[in-house]
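Structural features, examined
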Amino acid sequence: MSAPAAGAQRAVTTPAPDGLPWKDGMREECGVFGIRTQGAPAAPLVHLGLYALQHRGQESAGIAAFDGARTHLVKDMGLVANVFTPERLAALPGRIGVGHVRYSTMGTASIENAQPFLEQTPWGVLALAHNGNLINAPDLRRSLEAAGHCFRATSDTEVITKLIATSRAATVEEAVAHCMRRIRGAYTVVAMLGDRLLAFRDANGIRPLVQGAVAGAPVFSSESCAFDQTGGAYVREVGPGELVVCDADGVRQIQVLPVVRRSACVFEHIYFARPDTQLDGRNVHQVRRRMGRILAREQPVPADAVIAVPDSGASAAMGYADESGIPCEVGLIKNRYVGRTFIQPDPSSRDFGVRVKLNPIRDVIAGRRIVLVDDSIVRGTTSRQIVRMLRHTGAREVHVRISSPPILNACYYGIDTSSRGELVASRLSIEEIRASIEADTLGYLSMDGLVQAIGMVPDDLCLACLNGRYPTETPTEAAAGRHALEARQA
Ligand code: SF4
């Protein structure tokens, strides 16, 4: 059994945020950030980085810092702004820090599953933050338990920390490499162990991980937008299958796993990443604008105004307007202050979640033919509610245009659509979806159009939820999904 992690820990338990998600789209996964400065305190920079990554997870946030002798940890349920007070940040001294924002895709939204995770190892305390999903976590956990190791949480991340901690390798690098060879699926990880900052990524490079520099110090982040926030600059993408070690000897890149096939998640380009992020050398806003232009060529319709579903449809709506010549207007206003927890006055009100978050501008919509642009349709319920809202506001026609192809298959790599049955496009034809969301017409971007807009070789992208070609083996039904490790614990 592993010994408990040493060092000061401060994990405060508050109820998990719950309530109505306003949109039934794909849900973000997690964000990771890590830095090893040349003397400046790390925690304030990690804190800024997590603010920039907040869109990737709003359930919990945490930072661990190492002061040369002890590892300190603050994590809690809620947004970065709620978790970190000046007092809590001051309790995180040291020039090495890692941070995490979480949306749960394996394990419940609870303080036990909040990250970073700490684990005692032969080399000191490991503090680790992970984005992605392991498809063989239940098997690995079973064998670790059979060997006498105890688990405190129900997240696959703890499997990673245990594999590193229990490795019989002679060095940290070999222990991490041993772990990388055993885990399967999607993972980008930042971690600190003793005086080292570590970053590593799965062999397919499914989830993003970039390296930057802040005042000469190495920094790693899920997205490059966090470098802008911390006054840093983008340096490179951490390669698939690569381990980067930053210590007193400098920065070393070690190619641990052979790259069989690069498979960057296409939905980072379509929806997850912030528009100001550079992904694979491309600005996300510009890519989405190209998606909108191609969508207008492929799915034209006479109309008076193009409006976006805020915020994720905004760039594609601009592109649709560019190409079609139809003016792009702001027709739906998003209330940014509702938060995730609010009390529904009338539980039978089916459209409440959307109405409290979105309000239409009557002068833009009434009496006009509207092209409504969104990034995707998952279950279809939000699309129907928005179409109804536009009709109640007086729209003459509502034409829905989607800047991605239909989502037909589950994702096993850290996105919250692990069940195919939840996906409306796996059950209904496009015409049936149109009727179900009550639109006048419905048009999707083609696969060729999507790949053309991104400008990458299709073989370098994961398109599995669109075409069913998974870049790795797929998990069994029992091993898939958010509660795979809870089912084991029950
Ligand atoms: S299956 Fe879809 S959402 Fe999941 S990693 Fe692949 S492209 Fe991204």
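Summarised in this report is the structure supplied together with it. This one's a predicted model, so the numbers in the text were calculated from it and none came from an experiment.

Focus on the overall build of the protein chain
Along its length, the protein chain carries 18 helices and 24 strands. Within the span of the protein chain, comprising 490 residues, buried residues form 60% of the whole. Taking all contacts inside the protein chain whose residues are at least 6 apart in sequence as the whole, residues at least 24 apart take part in 72%. Surface exposure of the protein chain reaches about 18,000 Å², of which carbon and sulfur atoms provide 52%.

Topic: the site of the ligand
Lining the immediate environment of the ligand, one finds 11 residues, of which Cys265, Cys411, Ile415, Cys462 and Cys465 sit closest. Residue classes in the shell around the ligand are distributed as 10 nonpolar, no polar and 1 charged.

Here we look at the pattern of salt bridges
Across all of its chains, the model carries 27 salt bridges by this definition. The partner of arginine 36 in a salt bridge is aspartate 195, and the shortest N-O contact between them spans 2.8 Å. A residue pair is termed long-range when its members are at least 10 positions apart, and arginine 36 in strand β2 (residues 30-36) and aspartate 195 in the loop between β8 (188-193) and β9 (196-201) qualify at 159 residues. Look at arginine 36 and you get buried, because its relative accessible area is 9%. Put simply, arginine 262 and glutamate 237 hold a salt bridge, and the shortest N to O gap is 2.9 Å.

Notes on the packing of helix α9 (residues 284-298) against helix α10 (residues 314-324)
Where α9 contacts α10, the axes come no closer than 6 Å and their chain directions differ by 45°. Classed by the angle they form, the pair α9 and α10 counts as oblique. Remark: the crossing between α9 and α10 carries right-handed chirality. Here His285, Arg288, Arg289, Gly292, Arg293, Leu295, Ala296 and Arg297 of α9 lie close against α10, whose contacting residues are Ser315, Ala316, Met318, Gly319, Tyr320, Asp322, Glu323 and Ser324. By residue class, the composition of the contact of α9 with α10 is 5 nonpolar, 5 polar and 6 charged.

Digging into the packing of helix α5 (residues 157-165) against helix α6 (residues 172-182)
Contact geometry of α5 with α6 gives a least axis separation of 8 Å together with a crossing angle of 135°. Judged by the angle between their axes, α5 and α6 are oblique. For the crossing formed where α5 meets α6, the hand is right-handed. Taken together, the residues of α6 that come into contact with α5 (itself represented by Ile160, Leu163 and Ile164) are Ala175, Val176, His178, Cys179 and Arg182.

Regarding the pairing of strand β11 (residues 217-221)
Counting buried residues in β11 gives 5 out of 5 residues, a clear majority hidden from the surface. Along β11, one buried face is formed by Ala217, Val219 and Ser221 and the opposite face, lined by Pro218 and Phe220, is buried too. Sheet analysis places β2 next to β11, joined by 3 bridges and oriented antiparallel. Its bridge partner being in β11, glycine 34 is matched across the sheet by phenylalanine 220. Both strand β10 (residues 210-214) and β11 contribute to a ladder of 5 bridges, which runs antiparallel. Residue pairing in the sheet places glutamine 211 in a bridge with phenylalanine 220 of β11.

Each value, and the rule that gives it
- The residue numbers shown here count from 1 along each chain, following its written sequence.
- Restriction of local features to residues with pLDDT of at least 70 applies here, the model being predicted, together with a cutoff of 80 or more for giving and counting side-chain atom pairs; totals for whole chains, interfaces and linings are based on all residues.
- Each side-chain value is worked out from all heavy atoms of the structure, with water and hydrogens disregarded.
- Comment: elements are numbered from the N terminus, with helices defined as DSSP H or I runs of at least four residues and strands as E runs of at least two.
- Only protein chains enter the accessibility calculation, which uses a 1.4 Å probe; a residue whose area is less than 20% of its type maximum is buried, one above 50% is exposed, and one in between is partly exposed.
- By definition in these notes, contact holds between two residues if any of their heavy atoms fall within 4.5 Å.
- Per-residue accessibility takes into account occlusion by the displayed protein chains alone, with areas from the Shrake-Rupley method and a 1.4 Å probe.
- Working definition: residue near molecule or strand if any one of its non-hydrogen atoms lies within 4 Å of it.
- When residues are grouped by polarity, Ala, Val, Leu, Ile, Met, Phe, Trp, Tyr, Cys and Pro land in nonpolar, Asp, Glu, Lys and Arg in charged, and all others, Gly among them, in polar.
- Each reported salt bridge corresponds to a side-chain nitrogen of Lys or Arg within 4 Å of a carboxyl oxygen of Asp or Glu.
- All axes here are fitted lines through C-alpha atoms, helices being fitted over the stretch that makes contact, and every angle between N-to-C directions spans 0 to 180 degrees.
- Any angle between 65 and 115 degrees counts as roughly perpendicular, while under 35 counts as roughly parallel, over 145 as roughly antiparallel, and the rest as oblique.
- Handedness of a helix crossing follows the sense of rotation of the near helix relative to the far helix, less than a right angle counterclockwise being left-handed and clockwise being right-handed.
- Any two strands with at least two DSSP bridges between them are considered paired.

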